[in-house]
Amino acid sequence: MAAPGGPRPGNFPPNFNPNSLANNMQNLQINQPNQQQPNNAGGSAPRPPPNATPFGQQAPAFAGNRPGPPPPGVFPRGPVPPNAPAQTTLPPNMVSSRPTGPPPGSQPPPFSSRPPPPGAMPSSIGRPVAPTPSASGPRPGSYPSSPLTSAPSTPSHANASGPVSNGPPTFAPGMTQSGSSFPPAMGGMARPSVGPPQPPAMLSSRPSSQPLQMRPTFGGPPTAVSSASGQPAPPFSGPPRNMVPPMGSSPFSAPNTGMHQSMNSPYGMQTWPAQPQQVTPPPPILGSMQQPPRMFGLPPGGQSLPNQSMSLNQTGQSKIDPNQIPRLSQSGSVIVHETRQGNQANPPPPATSDYIVKDTGNCSPRYMRCTINQVPLTVDLLSTSGMQLSLLVQPLALPHPSEEPIHVVDFGESGPVRCSRCKGYINPFVKFIDQGRRFICNLCGFTDETPRDYHCNLGPDGRRRDADERPELCRGTVEFIASKEYMVRDPMPAVFFFLIDVSMNATQTGATAAACSAIKQVIADLPKGPRTMVGIATFDSTIHFYNLKRASQQPLMLIVPDVQDVYTPLESDVIVQFSECCEHLEMLLDNIPTMFESNRIADSALGAAVKAAFLAMKSTGGKLLVFQSVLPSAGIGSLSAREAEGRSNMSAGEKEAHKLLQPADKTLKTMAIEFAEYQVCVDLFITSQMYVDIASLSVIPTTTGGQVYYYYPFSARSDPAKLYNDLRWNVTRPQGFEAVMRVRCSQGIQVQEYSGNFCKRIPTDVDLPAIDCDKTIMVSLKHDDKLQEGFECAFQCALLYTTVYGQRRIRVSTLSLPCTNMLSNLFRSADLDTQFACITKQAAIEIPSAHLAQVRDQATNVCINILYSYRKFCATVSSAGQLILPEALKMLPLYTLALLKSTGLWPDGRIDDRSVWINYVSPLPTPLVIPLVYPRMIALHDLNEK
């Protein structure tokens, strides 16, 4: 008898859903099929039932506690008469994944006597079991074979009875998983039978030793059917511990504790038996990397089986070796890294590890890292891998205290030796020929004459005899003293100009007092010497300059009221030598909070104040440090809360929200380009408690090589200490002024794009009004020709800058990497930290110009494409149901997931918070990218004195 109101048997519509009744009752969580969403990119992975055993082995009987009522979706049945016909079976692609029931005599839980919910299908709809199927034809009443399946379906055992299941099919050893991810056609289908599937009759003709049970009504004890031998099944016992899993088992699945918590079940925890199963180890893979342990359960093509369970610990295939699970490894020992060994490039250690670099030819990975430590010969090979080919350059990175300092080389008035064609600098990979009279550039291949005063004979090995005595010929990173030809003007002095917001909001929240206190403590740490100069100004709706050069008199305030056409009141005496104004400056910083304590002007003319300070610094250049608290609302570059978005800080996940991450207009961008042209770097310290449109304000620091510091909501109790620390590090860290940087590559590779905080007026160079040890620039590379096999590809970064003490230097870092035409070598030599850093920085670049969902999908697809390429081309011999990750990139899925949950890519969040995240990530050093998105845990219960 068909269900009341339902389709008649044999006349099902094509889109008939047998679970539609249960789906409509999801609010009650009754009769809901136990479905679990896939949690991997390629689809959900089927798991074998916990009691799967090989042919001929007897499955142990369940001897644990009662697991509770069946999960939602299992139809209740009435009492079973002793001579009742067997219940019908499920289609061949569905088996039982629940335990067969409790031991007789156990007590049901209190809710087990609950009547079936309204609308539940009556138990009288069962049909007698059809005859036992044969191997030659389909079983009557079964699902027709799907044309998408690639292996014959496993017929169900006709005499078995058991609970209805949502689990995956059972597979015997030697059988493969296959099948369509779509349910078969429903037309002409009788009610499916219930019971676990058995092997085909052609494979095993022995009677099954599986203990059978009948499913009772809710709360009733099961009726156990004894095995053929009449002996009871052995009691359940947990798997032995501390054993190495068999080859091919999954180290990624959850610990097989014998317990399974159904996420959608209102009935609580259910217990499952577990039985280890021997797996034949896969054959070795030729021509590929050593494979990590594999994850069982993915069907071909990453498809998911219908109604499958995604519980990792339902598998009985293997135990778990905790040592094989991918995780971050914390090494307590310091790594000593030689950049080249045996005349070959040595792959760098992880960027987040503690290592000491010994420069033996290649530059330190602190200064330059490549995403792949073997360069692909062709663009096709690179695109096949799915990986990026980029450099992360940090020219002034801090070395380890135990590393030797960078050698400084002075070639005098002639300047350093360079290639006359590509202007590349002399380096350890230049090849000298003709007894040292000529040399071949390793970047462009051009042959140059060796300068007469630089000539030296060659040794038996073809190297110059003085190669080990000249740092430029044996070290990957050196500094050359710049000659006069590198100078357009005299080296600029170290100028620090402080600009403080004194509007009503800033003074009342304590931001003005915190800024003055931090500056007063920091000025003692400024570089000593006559070249250090300072200046200070304050602003609200007007601009206040201070004359610090009045001998034995108090500083004089000069007010500029015109904020639409600003000017500097004095051509001099606004910026003076620090040694001449130290006392006056400290006195002024003490008085500023008191002077503006009762200020009732709420407007802020930030744009005009920055422009006026620039006019005072125009002749010298330097660093402009701005302290801002409110949204600029007056003068040049004034802003307004953009409609409802800024005023309410609406969710950044709304439509068109990415437009709020772009500057409101081009006024501030035009100003920033002018600042960069005159070598003025702007750092912005935002101490706000409201929306300030950081997307517009950050254009100035980003273009001038500066940085945005954000304190939200600003607290006068806790934030002044952080503000002081940030300001002190900003002015005392190793840094340079009026810098220009260029990256050169070997023939066949060229620079595609630079990304970071800088101004670029010509395509080949990067202009940096200031650069410090924390700034990183991403250099995207591309092929313009096929590389030569057997040769090494070289990259050289040259940074021309002025030190804080007024000396012009050229820091040159050279990296030479081997080329390869094997895809497996690319995956073996991939640099996880650099690859992920490039993915993160690329996402930060695209967030303001695309919908957030697109950026999230793109970051996910980059990870998927890399792993799919490795799976498709480097692990083809292994089973299609195994998940294989390249050893070098096994943490990439975890980091990508962490990136999607970070502030920048999380759907909900404030616009200003996302803007700060974008500006923070853009120049972020490689070692700090992973800690930014992946949480670090510190055990507070086990802290030592350190």
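**Considering the overall build of the protein**
- Looking only at helices and strands, the protein features 18 helices and 32 strands.
- Burial analysis of the protein (946 residues in total) assigns 53% to the buried set.
- Of the contacts formed within the protein by residues at least 6 apart in sequence, a portion of 78% connects residues at least 24 apart.
- Accessible area of the protein: about 43300 Å², with a carbon and sulfur share of 53%.

**Examining helix H16 (residues 892-900)**
- Residues of H16 that are buried: Leu 892, Tyr 895, Thr 896, Ala 898, Leu 899 and Leu 900.
- On its buried side, H16 packs onto helix H14 (832-846), helix H15 (852-873), helix H17 (911-921) and helix H18 (926-933).

**Some remarks on the side chain of Ser 503**
- Along the chain, the position of Ser 503 falls in the loop between strand E18 (494-501) and helix H4 (504-508).
- In this structure Ser 503 touches Phe 539, Asp 540, Asn 599, Ile 601, Ala 602, Asp 603 and Val 630, once residues within four positions along its chain are discounted.

**Observations regarding the confidence of the model for the protein**
- Counting all residues, the mean pLDDT for the protein is 75, and 63% of those residues have values of 70 or more.
- Contacts for the low-pLDDT stretch residues 1-14, under 50 throughout, to residues beyond four places or in other chains number 14 contacts.
- For the stretch residues 646-653, pLDDT sits under 50, and the model shows 18 contacts to residues farther than four places along the chain or on other chains.

**Here we look at H14**
- When the terminal C-alpha atoms of H14 are compared, their 21 Å separation across 15 residues agrees well with the 21 Å that a helix rising 1.5 Å per residue should span.
- For H14, the capping residue at the N-terminal end is Asp 831, with a side-chain oxygen 3.2 Å from the backbone nitrogen of Asp 833.

**What to know about the pairing of strand E31 (residues 808-820)**
- Within E31, 11 of the 13 residues are buried, which leaves the element mostly enclosed by the surrounding structure.
- When strand E11 (residues 375-376) meets E31, the two strands line up parallel, connected through two bridges. Along E31, the bridge assignment pairs Pro 376 with Thr 820.
- When strand E30 (residues 792-803) meets E31, the two strands line up antiparallel, connected through 11 bridges. When the bridges of E31 are listed, Gln 796 appears paired with Thr 814.
- As consecutive antiparallel partners, E30 and E31 are separated by four residues, and within that stretch Gly 806 has a phi angle of approximately 85 degrees, a positive value.

**With respect to the sheet that holds strand E29 (residues 777-783)**
- Read across the sheet, four strands follow the order E10-E12-E29-E27 without closing on themselves; strand pairing throughout is antiparallel. For this open sheet the edge positions go to strand E10 (368-370) and strand E27 (749-755), each flanked by a neighbour on one side alone. This sheet shows a mean twist of 25 degrees between the axes of neighbouring strands, independent of strand direction.
- By the bridge criterion, three bridges tie E10 to strand E12 (residues 390-393) in an arrangement that is antiparallel. When the sheet's bridge partners are listed, Arg 369 is paired in E12 with Leu 392.
- Set on the sheet, H14 makes contact with E10, E12, E27 and E29; between it and E12 the angle comes to about 90 degrees.

**A closer look at the state of the cysteines**
- Applying the stated criterion to the full structure yields zero disulfides.
- With no disulfide of its own, Cys 370 lies closest to Cys 793 among cysteine sulfurs, the gap being 8.2 Å.

**Here's the deal with the environment of Ser 402**
- Mapped onto the elements of the fold, Ser 402 is located in the loop between E12 and strand E13 (407-409).
- Overall, the relative accessible area of 51% leaves Ser 402 in the exposed class.

**Focus: the packing of aromatic side chains**
- Tallied over the entire structure, the rule returns 12 aromatic pairs.
- With 5.9 Å between their ring centres and 65 degrees between their planes, Phe 614 and Tyr 678 make a pair best called edge-to-face. Of this pair, Phe 614 sits in helix H7 (residues 606-617) while Tyr 678 sits in the loop between helix H9 (667-677) and strand E24 (680-687), and the two are 64 residues apart along the sequence.
- On the basis of relative accessible area, Phe 614 is assigned to the buried category, the value being 0%.
- Between Tyr 895 and Tyr 934, the ring centres sit 5.7 Å apart and the planes meet at 75 degrees, which makes this aromatic pair edge-to-face. With Tyr 895 in helix H16 and Tyr 934 in the segment after H18, this pair connects stretches of sequence that are 39 residues apart.
- Residue Tyr 895 is classed as buried on the basis of its relative accessible area of 2%.
- Connected via pairs of aromatic rings, a cluster forms that spans Phe 411, Tyr 425, Tyr 454 and Phe 480.
- The ring of Phe 432 has Arg 464 lying over it, and the distance from NZ or CZ to the ring centre is 4.9 Å.
- Over the aromatic face of Tyr 712 sits the side chain of Arg 910, whose NZ or CZ is 3.8 Å from the ring centroid.

**Quick word on the pattern of salt bridges**
- This model, assessed by the stated rule, comprises 27 salt bridges.
- Between Asp 434 and Arg 438 there is a salt bridge, and its shortest N-O distance comes to 3.9 Å.
- With relative accessibility at 32%, the residue Arg 438 sits in the partly exposed group.
- One salt bridge in this structure joins Lys 623 and Asp 683, with 2.9 Å as the shortest N-O distance. Residue Lys 623 is located in strand E23 (residues 622-628), and its partner Asp 683 is located in strand E24; the two are separated by 60 residues in the primary sequence. Judged on exposure class, the residue Lys 623 and its partner Asp 683 are both buried.
- Put simply, Arg 464, Asp 466, Arg 470 and Glu 472 are held in one network by salt bridges that share partners.

**What to know about the nonpolar core**
- Of all hydrophobic cores here, the largest spans 81 residues; its most connected members are Val 375, Leu 391, Met 741, Val 743, Ile 749, Leu 768 and Phe 795.
- Ala 612, Leu 624, Ala 672 and Ile 694 belong to the second largest nonpolar core, which has 45 residues in total.

**Let's talk about the sheet that holds strand E14 (residues 431-433)**
- One open sheet accounts for three strands, arranged E14-E15-E16; its pairing is antiparallel. Two strands close off the open sheet at either side, each with one partner strand: E14 and strand E16 (447-449). Within the sheet, the average angular offset between the axes of one strand and its neighbour, ignoring direction, is 30 degrees.
- Pairing geometry for E14 and strand E15 (residues 438-440), over three bridges, is antiparallel. In the sheet register, Ile 433 faces E15, and the bridge partner there is Arg 438.

**What to know about the side chain of Asp 772**
- As for its position among the elements, Asp 772 is in strand E28 (residues 766-772).
- Only 2.8 Å separates the side chain of Asp 772 from the backbone nitrogen of Asp 774, close enough to count as a polar contact.
- Within polar-contact distance, the side chain of Asp 772 engages the side chain of Lys 775 at 2.8 Å.
- If we ignore the near neighbours within four places in the chain, the residues touching Asp 772 are Leu 396, Arg 733, Pro 734 and Gln 735.

**Some remarks on the environment of Val 855**
- Looking at the element boundaries, Val 855 is found in helix H15.
- Spatially, the C-alpha atoms of Val 855 and Leu 900 are 9.5 Å apart, while their sequence positions differ by 45 residues.
- When neighbours within four sequence positions are excluded, Val 855 is seen to be in contact with Ala 843, Glu 846, Ile 847, Ala 850 and Leu 905.

**Some thoughts on the pairing of strand E20 (residues 543-547)**
- Counting buried residues along E20, five of its five residues qualify, which places the element largely inside the surrounding structure.
- Of the pairings in the sheet, the one linking strand E19 (residues 532-539) to E20 comprises three bridges and is antiparallel in character. Looking across to E20, one finds that Ala 537 is bridged to Phe 545.
- Turn length for the E19-E20 hairpin, with the two strands adjacent in sequence and antiparallel, is three residues.

**Examining a nonpolar patch on the surface**
- On the surface, Met 557, Ile 559 and Met 595 cluster together into a nonpolar patch covering about 250 Å² of accessible area.
- For Met 557, the position within the fold is in strand E21 (residues 556-560).
- Residue class for Met 557 comes out partly exposed when judged on its relative accessible area of 30%.

**Examining the environment of Trp 729**
- Summarising the element assignment, Trp 729 is placed in helix H12 (residues 719-732).
- On a C-alpha basis, the gap between Trp 729 and Asp 525 in space is 9.6 Å, while along the polypeptide they are 204 residues apart.
- Leave out the neighbours within four places in its chain, and Trp 729 touches Leu 398, Pro 734, Cys 773 and Asp 774.

**Observations concerning the packing of H14 against H16**
- Put simply, H14 and H16 touch, their axes get as near as 11 Å, and they point 25 degrees apart. Compared by their axis directions, H14 and H16 come out roughly parallel. Judged by the sense of rotation from one axis to the other, the crossing of H14 with H16 is right-handed. Contacts from Leu 832, Phe 836, Ile 839 and Thr 840 of H14 reach H16 at Leu 892, Tyr 895, Thr 896 and Leu 899.

Scoring rules and cut-offs
Residues numbered from 1 in each chain as written. Predicted model: local features only at pLDDT ≥ 70, side-chain atom pairs only at ≥ 80, totals over all residues. Heavy atoms only, no water. Helix = DSSP H or I, 4+ residues; strand = E, 2+ residues; numbered from the N terminus. Buried < 20%, exposed > 50% of the residue type's maximum accessible area, 1.4 Å probe, protein only. Contact = heavy atoms within 4.5 Å. Areas by Shrake-Rupley, 256 points an atom, 1.4 Å probe, with all protein chains shown as cover. pLDDT = per-residue confidence, 0-100. Expected span 1.5 Å × (residues − 1). Polar contact = N/O pair within 3.5 Å; in protein donor to acceptor, adjacent residues only side chain to side chain. Pairing = 2+ DSSP bridges. Axes fitted to C-alpha atoms, helices over the stretch in contact; angles between N-to-C directions. Disulfide = S-S within 2.5 Å. Phe/Tyr/Trp six-rings, centres within 6.5 Å; stacked < 30°, edge-to-face > 60°. Lys NZ or Arg CZ within 6 Å of the ring centre and 35° of its normal. Salt bridge = Lys/Arg side-chain N within 4 Å of Asp/Glu carboxyl O. Core = buried A, V, L, I, M, F, W, Y, C linked by side-chain atoms within 4.5 Å. Patch = residues over 30% accessible without salt bridge, like charges linked within 9 Å, V, L, I, M, F, W, Y side chains within 5 Å. Parallel < 35°, antiparallel > 145°, perpendicular 65-115°, else oblique. Left-handed = near helix turned anticlockwise from the far one by under 90°.

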